[in-house]
Amino acid sequence: MASAITTLAADAPTLSAANTGFMLICSALVMLMTPGLAFFYGGMVRVKSSLNMLMMSFISLGIVTILWVLYGFSLAFGTDSGSLIGWNSDYVGLSGIGITELWDGYTIPVYVFAVFQLMFAVITPALISGALADRVKFSAWALFTVLWVTVVYFPVAHWVWGAGGWLFELGVIDFAGGTAVHINAGAAALGVILVIGKRVGFKKDPMRPHSLPLVMLGAGLLWFGWFGFNAGSWLGNDDGVGAVMFVNTQVATAAAMLAWLGYEKLRHGSFTTLGAASGAVAGLVAITPSGGAVSPLGAIAVGAIAGVLCAMAVGLKYKFGYDDSLDVVGVHLVGGVVGSLLVGLFATGGVQSDVAGLFYGGGLEQLGKQAVGVFSVLAYSLVASALLAFLLDKTIGMRVSEDVEVAGIDQVEHAETAYDFSGAGGGAASRSTAAPAPAAASKKVDA
């Protein structure tokens, strides 16, 4: 008995300073993705709504952080109850956790795991906001965020990643959030826009991005932060799986960007900066669930397929008449579905687990499991999000008035504008350096 106890003690994980430091860096990278998303979305809207778009992402850092500490971490990762939700009183307020207490089975503290997962919870509702640009009250959005993460995100995170969660136990592979983050957010976006309706002028007025440089900056920050999002999800650096995920993240993103641009050139005749940025994000979304299961060649396939399908999907809103302002459905929902299902085809059985997909001799079993995960999360988030939006719309109202929407939501909701042009082209300095007016014109002015 004594020797057995000694063996167990020797095998028990001990705190790893290297893995702990790595995960803290990854957590900071994922945090940076939310401001990056704010820039990405903020540049895509018209100038009169750009501050509102920035704020709809940024406010998530405040709201979700507090909810996560109070009860979100407990609901998502506490002791399982019925395979649907978790709960652990020690996690409420993060008050019963020792500073060196390790996350079960890993070499990092519970605090580090909690803060890493917090950043996932923060960005997920922010992703939804892009579909609602130009027309939602900021107070209603803030309340929707509170309700949505409580009713939808925390339970779904438990299903997918929590010990005992029903999708986790089924064997659904979601390395870093294809179902829990991207399908969840994309389906929620669709549910909400079906309730609140279209922007004024949808299909009639030009609604072009006001700052493509801002879009590209946001896409670059997202790409950079996504390495922490994906590689960090293995919660350590001991066996090389995180390194494979890092490589696959880069490879799939590059493939998706090129595929989107190729489709765009063939379909519309141009290579656009918006297409490059959107293609990159589509690749990042698609490799998120699958990158720990596929090889780099598989990552090229995942990225290329997602780039083309997402590029095709963004036009569906004009065909079916739903106003997804910034293509959250087309990129995040479709990209998440594609990446999650392709696990069932391209999983090699030699990276994160021995589960193999159809093309590697594994048959259709894993594809079936992936489909269950995809469509259960999609259906739940779509319906629950639509019901929450309907409830808020019928009580406090979700939309600003038509006059506010036409004039610009920034000034009314935030009492600010994104750019101050009051000094442009005027003032004594500009007059003193201006060319002299013609004599006739001067006489006319004097008169």
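Residues numbered from 1 in each chain as written. Predicted model: local features only at pLDDT ≥ 70, side-chain atom pairs only at ≥ 80, totals over all residues. Heavy atoms only, no water.

(A) Just the packing of aromatic side chains, in detail. For the structure on display, the rule yields 26 aromatic pairs. Taking 6.0 Å as the distance between ring centres and 85° as the angle between the ring planes, the aromatic pair formed by Tyr71 and Phe154 counts as edge-to-face. Taken together, the residues span a long stretch of sequence, with Tyr71 in helix α3 (residues 50-77) and Phe154 in helix α5 (residues 138-161) at a distance of 83 residues. A residue is classified by how much of its surface remains accessible, and Tyr71, at 23% relative accessible area, is partly exposed. Here the aromatic rings of Phe116 and Phe120 are separated by 5.0 Å at their centres, their planes lie at 65°, and the arrangement is edge-to-face. Of this pair, Phe116 and Phe120 both sit in helix α4 (residues 110-129), four residues apart, which is roughly one turn of the helix. Residues Phe116 and Phe120 agree in their burial class; the two are buried. Among the aromatic residues, those joined into a cluster by ring pairs are Trp68, Tyr71, Phe73, Phe77, Tyr91, Trp103, Phe113, Trp148, Tyr153 and Phe154. (Phe/Tyr/Trp six-rings, centres within 6.5 Å; stacked < 30°, edge-to-face > 60°. Helix = DSSP H or I, 4+ residues; strand = E, 2+ residues; numbered from the N terminus. Buried < 20%, exposed > 50% of the residue type's maximum accessible area, 1.4 Å probe, protein only.)

(B) Seen up close, empty space enclosed by the protein. Within this structure, the stated rule accounts for one cavity of 30 Å³ or more. When its volume is computed, the largest cavity comes out at roughly 60 Å³. Of all the secondary structure elements, the ones that give two or more residues to the lining of the largest cavity are α2 (17-44), α10 (273-290) and α13 (328-346). Split into classes, the residues belonging to the lining of the largest cavity amount to seven nonpolar, two polar and one charged. (1 Å grid on protein atoms, 1.4 Å probe; cavity = no way out; pocket = protein on both sides within 12 Å on 5 of 7 lines; lining within 4 Å. Points joined across faces, edges and corners; volume = space filled by probe spheres on them. Nonpolar A, V, L, I, M, F, W, Y, C, P; charged D, E, K, R; others polar.)

(C) Representation of the pattern of salt bridges in the model. Enumeration over the complete set of coordinates arrives at six salt bridges. Between Arg199 and Asp134 there is a salt bridge, and its shortest N-O distance comes to 3.4 Å. Here Arg199 is found in the loop between α7 (178-196) and α8 (212-231), whereas its partner Asp134 is found in the loop between α4 and α5, with 65 residues between them in sequence. Under the relative-accessibility criterion, Asp134 is labelled buried at 2%. A salt bridge links Glu405 to Arg399; its shortest N-O distance comes to 2.7 Å. For Glu405, a relative accessible area of 3% translates into the label buried. Owing to a relative accessible area of 22%, Arg399 belongs among the partly exposed residues under this scheme. Counted as one network, the salt bridges with shared partners bring together Arg46, Asp134, Arg199 and Asp323. (Salt bridge = Lys/Arg side-chain N within 4 Å of Asp/Glu carboxyl O.)

(D) Representation of the confidence of the model for the chain. Averaged over the chain, the pLDDT score is 92; the fraction of residues at 70 or greater is 92%. This model gives residues 1-10 a pLDDT under 50, and the stretch forms zero contacts once residues within four places in sequence are excluded. Of the regions scoring below 50 in pLDDT, residues 427-447 engages in two contacts with residues more than four places distant in sequence or in other chains. (pLDDT = per-residue confidence, 0-100. Contact = heavy atoms within 4.5 Å.)

(E) Representation of the nonpolar core. Of all hydrophobic cores here, the largest spans 109 residues; its most connected members are Phe40, Phe73, Leu132 and Tyr153. Looking at which element gives the most residues to this core, the answer is α5, with 15 residues. Ala252, Val294, Ala301 and Val302 belong to the second-largest nonpolar core, a separate cluster that totals 12 residues. (Core = buried A, V, L, I, M, F, W, Y, C linked by side-chain atoms within 4.5 Å.)

(F) A look at a nonpolar patch on the surface. Together, Leu358, Phe359, Tyr360 and Leu364 line one region of the surface with nonpolar side chains, adding up to about 410 Å² of accessible area. In this fold, Leu358 is placed in the loop between α13 and α14 (365-395). (Patch = residues over 30% accessible without salt bridge, like charges linked within 9 Å, V, L, I, M, F, W, Y side chains within 5 Å. Areas by Shrake-Rupley, 256 points an atom, 1.4 Å probe, with all protein chains shown as cover.)

(G) Broad picture of the environment of Pro125. Examined against the element boundaries, Pro125 turns out to sit in helix α4. Assessed through its relative accessible area of 1%, Pro125 is described here as buried. With 104 residues separating them along the chain, Pro125 and Gly21 place their C-alpha atoms 27 Å apart.

(H) Quick peek at helix α11 (residues 296-313). Over its 18 residues, α11 extends 25 Å from the first C-alpha to the last, a length consistent with the 26 Å expected when each residue adds 1.5 Å. For α11, every residue scored as buried is listed here: Gly298, Ala299, Ala301, Val302, Gly303, Ala306, Gly307, Cys310, Ala311 and Ala313. Buried residues along α11 sit in contact with α9 (241-268), α10, α12 (316-320) and α13. (Expected span 1.5 Å × (residues − 1).)

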